[in-house]
Amino acid sequence: MDFKVGIIAMPGAALSNKTGSFANEVPVFMHKTCTGCNLCIYFCPEGVVYGDKKTKIYDFDSDYCKGCGICAEECPVDDIKMVLVEK
Ligand code: SF4
Ligand code: SF4
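It should be emphasised that the depicted structure is a prediction, and the values quoted were computed from it without experimental measurement.

**Quick word on the confidence of the model for the protein chain**
The predicted model of the protein chain has a mean per-residue pLDDT of 87, with 82% of residues at 70 or higher. When the elements of the protein chain are averaged for pLDDT, strand β2 (residues 49-52) gives the smallest value, 96, and helix α2 (residues 70-74) the largest, 98.

Have a look at this one:
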């Protein structure tokens, strides 16, 4: 079978395909209670969360986020909220 276009076959493979338009929801990093634990970075299946332990400022790359919500689910201090994308 010859897959060429639009197939995301492996975790993290979205980095070679802009998948941001798939998302119905996107995370909002509130920057209020963040402890800098980095769990959002570790758990994001696409590797699109980035941030800094020292400043505790985290964000994500909307070109590749698929809106799965795992980052928000795993944040131990509820500092990430998922919001609907208006399309
Ligand atoms: S919702 Fe969060 S965990 Fe899911 S792809 Fe986007 S940034 Fe990564
Ligand atoms: S998981 Fe939550 S507390 Fe931990 S670094 Fe990410 S936003 Fe901050």
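**Focus: the site of ligand 2**
For ligand 2, the full set of nearby residues is C34, T35, G36, C37, N38, L39, C40, Y58, C75, P76, V77 and I80. Looking at the shell around ligand 2, its residues break down into nine nonpolar, three polar and no charged.

**Focus on the site of ligand 1**
Inspection of the region around ligand 1 gives C44, P45, V48, V49, C65, K66, G67, C68, G69, C71 and M82 as its neighbouring residues. Its residues assigned to classes, the shell around ligand 1 shows eight nonpolar, two polar and one charged.

**What to know about unusual backbone geometry**
With a phi angle near 60°, H31 is a residue other than glycine that sits in the positive phi range. The residue H31 is located in the loop between β1 (25-29) and α1 (39-43) in this model. Within the chain, D78 stands out as a residue other than glycine whose phi angle is a positive 50°. Within the secondary structure layout, D78 lies in the loop between α2 and β4 (80-84).

**Overview of the environment of E46**
Summarising the element assignment, E46 is placed in the loop between α1 and β2. Judged by relative accessible area, which is 6%, E46 ranks as buried. Put simply, E46 and T19 are 27 residues apart on the chain and 9.9 Å apart in space, counted from C-alpha to C-alpha. In this structure the side chain of E46 is engaged in a polar contact, spanning 2.6 Å, whose partner is the side chain of K66.

**Topic: the packing of aromatic side chains**
One pass over the full model with this rule turns up one aromatic pair. With 6.3 Å between their ring centres and 25° between their planes, F29 and F60 make a pair best called stacked. One end of the pair, F29, is in strand β1; the other, F60, is in strand β3 (residues 57-60), with 31 residues separating them in the sequence. Comparing F29 with F60, the two get one shared label, buried.

How each quantity is defined
- Residues numbered from 1 in each chain as written.
- Chains lettered and ligands numbered in written order.
- Predicted model: local features only at pLDDT ≥ 70, side-chain atom pairs only at ≥ 80, totals over all residues.
- Heavy atoms only, no water.
- pLDDT = per-residue confidence, 0-100.
- Helix = DSSP H or I, 4+ residues; strand = E, 2+ residues; numbered from the N terminus.
- Near = heavy atom within 4 Å.
- Nonpolar A, V, L, I, M, F, W, Y, C, P; charged D, E, K, R; others polar.
- Buried < 20%, exposed > 50% of the residue type's maximum accessible area, 1.4 Å probe, protein only.
- Polar contact = N/O pair within 3.5 Å; in protein donor to acceptor, adjacent residues only side chain to side chain.
- Phe/Tyr/Trp six-rings, centres within 6.5 Å; stacked < 30°, edge-to-face > 60°.

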